[in-house]
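Below are the chains, spelled out letter by letter.
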Amino acid sequence: MRKKFVAGNWKMFKTIPEGRELVKAIVKKTGKKTDVDIAICPSFAHLPMAVELTKNSPVMIGAQDVSVREEGAFTGEVSASMVKSLDVTHVILGHSERRHFWHERDWLISKKIRIALRHGLDVIYCVGENLVEREIGLTNEVVLSQIELGLRNIAGEALPRITIAYEPVWAIGTGKTATPKQAADVHKSIRSWIADFYGKDMGDTVRIIYGGSVKPENADKLMKLPDIDGALVGGACLEADSFMAIIAAAK
Ligand code: PGA
């Protein structure tokens, strides 16, 4: 049985004081034990505070990116080793906003995945087709090629440390969610690709979560599906009650 995983991607929202209140509220509502893995992924600026406030809580903290370089004269970059040294556990890589606005390509994301794993960070690897790709029937080709290129040179042993987030680009921040059937179909083909490439055990082990306008109102239907192992939540994670309602739906 794969444990469900719900991660909140804060993107570039919340001041530090606002972030502190939100982390505190999530920690309080989560309590000491949870049946669902929970991660909060705020901006780099929030990370030290968020790690500190979650010290005695099962809530984990993730970053939203790391540099592709180990260290050096790269103004503005934040390295995987810096993030890891804060006791951050996860990093989101390959998010469609980074692919789109910063032109991150699969080869770059694949390098970032390897650097993150090497430094002991678990990875939430985002893949997903845009609207045109869906409309012309290329969803599977696009998603599976992102999987293949992103996971290139990743050995099977490392795979349990990677969570795949299927996020159709047309569903992110738009209020449009994939129907449970659309999501389930793509999750199924990702899982069978993993099973073909890494073996059936790995196909059964790897967690594939869904992202794209997940809200308390639709979480239940999505989380019920056997191939959907949780959610990557954007907008609805910026408020403790709606984030907790999605976590409750995952239980
Ligand atoms: P959304 O964002 O829930 O606001 O659609 C999801 C994401 O970008 O990870």
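Only a predicted model underlies this, so the values are computations on that prediction, with no experimental measurement involved.

Asker: Can you help me understand the sheet that holds strand 4 (residues 90-93) in this one?
Answerer: Whenever strands of a sheet pair, they do so through backbone hydrogen bonds, lying parallel or antiparallel. Within the closed barrel, the 8 strands sit side by side as 1-2-3-4-5-6-7-8. Their pairing is parallel. Ignoring strand direction, the axes of neighbouring strands in this sheet form an average angle of 25 degrees. Taken together, the 2 bridges between strand 2 (residues 37-41) and strand 3 (residues 60-63) define a ladder with parallel strand orientation. Each residue of the ladder has a partner; that of Ile 40, found in strand 3, is Ile 61. The strands touched by helix 5 (residues 106-118) are strand 4, strand 5 (122-127) and strand 6 (162-166); relative to strand 5, the strand with the most contacts, the crossing angle is about 165 degrees. Against the sheet, helix 11 (residues 240-250) makes contact with strand 1 (5-9), strand 2 and strand 8 (230-233), and its axis sits at roughly 160 degrees relative to strand 1, the strand it touches most.

Asker: I tried to follow the layout of surface pockets on my own but got confused; where do I start?
Answerer: A probe matching the size of a water molecule, rolled over the atoms, marks out where space remains unfilled. Taken as a whole, the largest pocket encloses approximately 600 Å³ of empty space. Those elements giving two or more residues to the lining of the largest pocket turn out to be helix 4 (96-101) and helix 5. Among the elements that take part in the lining of the largest pocket, helix 4 stands out by supplying 3 residues, more than any other. Taken together, the residues of the lining of the largest pocket break down into 10 nonpolar, 6 polar and 7 charged. Volume-wise, the second largest pocket comes out at about 390 Å³. Of all the secondary-structure elements, those providing two or more residues to the lining of the second largest pocket are helix 4, strand 5 and helix 7 (139-150). At 5 residues, the largest contribution of residues to the lining of the second largest pocket is made by helix 4.

Asker: How should I be thinking about the site of the ligand in this particular structure?
Answerer: What surrounds the ligand is a group of 13 residues, the closest being Lys 11, His 95, Glu 167, Gly 173 and Ser 213. Between the ligand and the protein, one listed contact pairs an oxygen atom with a backbone N or O atom of Gly 173 at 2.7 Å. Isolated, the ligand exposes 290 Å² of accessible area, and the fraction of that covered by the protein chains is 97%. Residues belonging to the shell around the ligand are distributed by class as follows: 4 nonpolar, 7 polar and 2 charged.

Asker: Which parts of the structure should I look at to understand unusual backbone geometry?
Answerer: Backbone geometry follows two general trends: most residues other than glycine have a negative phi, and most peptide bonds adopt the trans configuration. With a phi angle near 55 degrees, Lys 11 is a residue other than glycine that sits in the positive phi range. Note on placement: Lys 11 falls in the loop between strand 1 and helix 1 (16-30). On the basis of relative accessible area, Lys 11 is assigned to the buried category, the value being 18%. Its identity as a non-glycine residue notwithstanding, Asn 153 has a phi of 70 degrees, on the positive side.

Asker: I would appreciate a short explanation of the packing of aromatic side chains in the present structure.
Answerer: Enumeration over the complete set of coordinates arrives at 5 aromatic pairs. When the ring of Phe 101 is compared with that of Trp 102, the centres are 6.2 Å apart and the planes differ by 80 degrees; the resulting orientation is edge-to-face. The pair formed by Phe 101 and Trp 102 is uniform in burial state, with each residue classed as exposed. One aromatic cluster in this structure is built from Trp 193, Phe 197 and Tyr 198.

Asker: What is the right way to look at the side chain of Ser 79 in this model?
Answerer: Within the secondary structure, Ser 79 sits in the loop between strand 3 and helix 3 (80-85). A polar side-chain atom of Ser 79 sits 3.2 Å from a polar atom in the side chain of Ser 81. Residue contacts for Ser 79: discarding those within four places in its chain leaves Val 66, Ser 67, Arg 69 and Glu 70.

Asker: What is the right way to look at the state of the cysteines in this model?
Answerer: Working definition of a disulfide: a covalent bond connecting the sulfur atoms of two cysteines. Scanning all chains against the criterion turns up 0 disulfides. Cysteine Cys 126 remains unbridged, with the sulfur of Cys 41 as its closest cysteine sulfur at 9.2 Å. We classify Cys 126 as buried; its relative accessible area is 2%.

Cut-offs applied
- Residues numbered from 1 in each chain as written.
- Predicted model: local features only at pLDDT ≥ 70, side-chain atom pairs only at ≥ 80, totals over all residues.
- Heavy atoms only, no water.
- Pairing = 2+ DSSP bridges.
- Helix = DSSP H or I, 4+ residues; strand = E, 2+ residues; numbered from the N terminus.
- Axes fitted to C-alpha atoms, helices over the stretch in contact; angles between N-to-C directions.
- Contact = heavy atoms within 4.5 Å.
- 1 Å grid on protein atoms, 1.4 Å probe; cavity = no way out; pocket = protein on both sides within 12 Å on 5 of 7 lines; lining within 4 Å.
- Points joined across faces, edges and corners; volume = space filled by probe spheres on them.
- Nonpolar A, V, L, I, M, F, W, Y, C, P; charged D, E, K, R; others polar.
- Near = heavy atom within 4 Å.
- Polar contact = N/O pair within 3.5 Å; in protein donor to acceptor, adjacent residues only side chain to side chain.
- Areas by Shrake-Rupley, 256 points an atom, 1.4 Å probe, with all protein chains shown as cover.
- Buried < 20%, exposed > 50% of the residue type's maximum accessible area, 1.4 Å probe, protein only.
- Phe/Tyr/Trp six-rings, centres within 6.5 Å; stacked < 30°, edge-to-face > 60°.
- Disulfide = S-S within 2.5 Å.

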